Amino acid sequence: MTEPKKLDPKDITEPINILIVGVGGQGVIMVSKVLAQICQNLGYQVKQSEVHGMAKRGGVVFSHVRFGTQVWSPTIPVGKVDVLIALEWAEGLRWMNYLRPDSGVFIADTKRIVPPFACRSRVLGADIGYSKDTPADIREKVAEAFALDATEMATKAGNERAANTLLLGALSTTLTFPTEEWRNVIAKMVPPKTIDVNLAVFDQGRNWIERSRHGEPVEGGAFVPLVQPEVSRERTELVITPEWCKGCDICVKMCPEHCLILNKDQIVELAEPEKCTGCHICEWLCPDFAISLNPITQEVSL
Ligand code: SF4
Ligand code: SF4
């Protein structure tokens, strides 16, 4: 197989364009900040623009990063993105038309965060308004595409929130920047106690792309059918990770059954478990992944 050409700002007069997309809470801005910092460290002009601020699940977040010997505009025109990094599957699909048709590289986490408004009905087995496209469906539409279950891989490595760093590892394979530069900047930007896991998943992301480019078998590329758990009082288990809860009150306010409260330490608690229907609203809205629902004993494939 021919080794794909890596992007090097020294080789081209136009800026290199990287678009990072996802939803609130996934760490899109951290990815773009790491990239922008590396570009600065290496002496390139870099411009970054972003839209964020939706402190809830489902809120769109994206960041344009452009770098090279000279960069005028901070935003990337449609059809000019060299690499599209998607931290959420449907967001990746939504921005695909920004890729260069002949050479754009699409790298997406297959993680799906279904926004609450996509849940059209709380009836058992109700259809979810979320893209049904799979990696196989998009393969022909882009020059090069990678779909990996970065969130699951990061979870197995010890920190679900490091999925964005795993995708930084994937992104790093498309550029000529020295690996040590990536690792140094990441180590400075992540919380000190998560440096080890972040550097481990960075390497994992690099290896995953490089191995799959060489046709070697890789784990973590599975794309399972989207399923909607059946609502069941008896089978629902709501799990709270107190150290991730910042007490923002979103879940408490939005729970249709009013069964959540903030305790005296401003951490969420399930005060009335018997009322919880397992509707997932709190899980989908929490910007900090502090609530998860494990209610599934029977699933309905969509
Ligand atoms: S899953 Fe339970 S606690 Fe969460 S919003 Fe639904 S009813 Fe409320
Ligand atoms: S679990 Fe905590 S951080 Fe998450 S929405 Fe509820 S109050 Fe906010």
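Since the model is a prediction, treat every value here as computed from it, not as a measurement. (Residues numbered from 1 in each chain as written. Chains lettered and ligands numbered in written order. Predicted model: local features only at pLDDT ≥ 70, side-chain atom pairs only at ≥ 80, totals over all residues.)

1. Here we look at the site of ligand 1
The environment of ligand 1 is formed by 13 residues, the closest being Cys 255, Cys 276, Cys 279, Ile 281 and Cys 282. Considered class by class, the residues forming the shell around ligand 1 number nine nonpolar, three polar and one charged. (Near = placed C-beta within 6 Å. Nonpolar A, V, L, I, M, F, W, Y, C, P; charged D, E, K, R; others polar.)

2. A few points about the sheet that holds strand β1 (residues 16-23)
Strand order across the open sheet formed by six strands is β2-β3-β1-β4-β5-β6, with mixed pairing between neighbours. Unpaired on one side and paired on the other, β2 (45-51) and β6 (144-148) mark the two borders of the sheet. Along the sheet, successive strands turn relative to each other by an average axial angle of 10°, direction set aside. Relative to strand β3 (residues 60-68), β1 is paired through eight bridges, and the arrangement is antiparallel. Its bridge partner lying in β3, Val 23 is registered against Val 60. This element, helix α1 (residues 28-41), spans β1, β2, β3 and β4 (83-86) of the sheet and lies at about 10° to β3. (Pairing = 2+ DSSP bridges. Helix = DSSP H or I, 4+ residues; strand = E, 2+ residues; numbered from the N terminus. Axes fitted to C-alpha atoms, helices over the stretch in contact; angles between N-to-C directions. Contact = placed C-beta atoms within 7 Å.)

3. Concerning the nonpolar core
Ranked by internal contacts, the top residues of the largest apolar core, which has 59 residues, are Leu 19, Leu 84, Ile 85, Ile 107, Leu 166 and Leu 167. Among the elements that make up this core, the one with the highest residue count is α1 (seven residues). Cys 251, Ile 281, Cys 282 and Trp 284 belong to the second-largest nonpolar core, a separate cluster that totals 13 residues. (Core = buried A, V, L, I, M, F, W, Y, C linked by C-beta atoms within 7 Å. Buried ≥ 20, exposed ≤ 12 C-beta atoms within 10 Å, placed from the backbone.)

4. Regarding α1
End to end, α1 covers 20 Å across 14 residues, agreeing with the expected 20 Å (1.5 Å per residue, within 8%). When we look at burial in α1, the residues that qualify are Val 28, Val 31, Ser 32, Val 34, Leu 35, Ala 36, Ile 38 and Cys 39. The inward-facing, buried residues of α1 contact β1, β2, β3, β4, α5 (163-172) and α6 (179-189). Among the residues trailing α1, Gly 43 stands out with phi positive, at a value near 90°. (Expected span 1.5 Å × (residues − 1).)

5. Examining the site of ligand 2
Taken together, 13 residues lie around ligand 2, and Cys 245, Cys 248, Cys 251, Cys 286 and Ala 290 are the ones closest in. Residue composition of the shell around ligand 2, by class: nine nonpolar, one polar and three charged.

6. Topic: the confidence of the model for the chain
The predicted model of the chain averages 85 in pLDDT, with 84% of residues at 70 or higher. In this model residues 228-234 is a low-confidence stretch, pLDDT under 50, and it forms 21 contacts with partners more than four residues away in sequence or in other chains. (pLDDT = per-residue confidence, 0-100.)

7. Some thoughts on the environment of Thr 13
One can find Thr 13 in the segment before β1. Here Thr 13 falls in the exposed class, since 8 other C-beta atoms lie within 10 Å of it. In sequence terms Thr 13 and Gly 68 are 55 residues apart; their C-alpha atoms lie 7.4 Å from each other.

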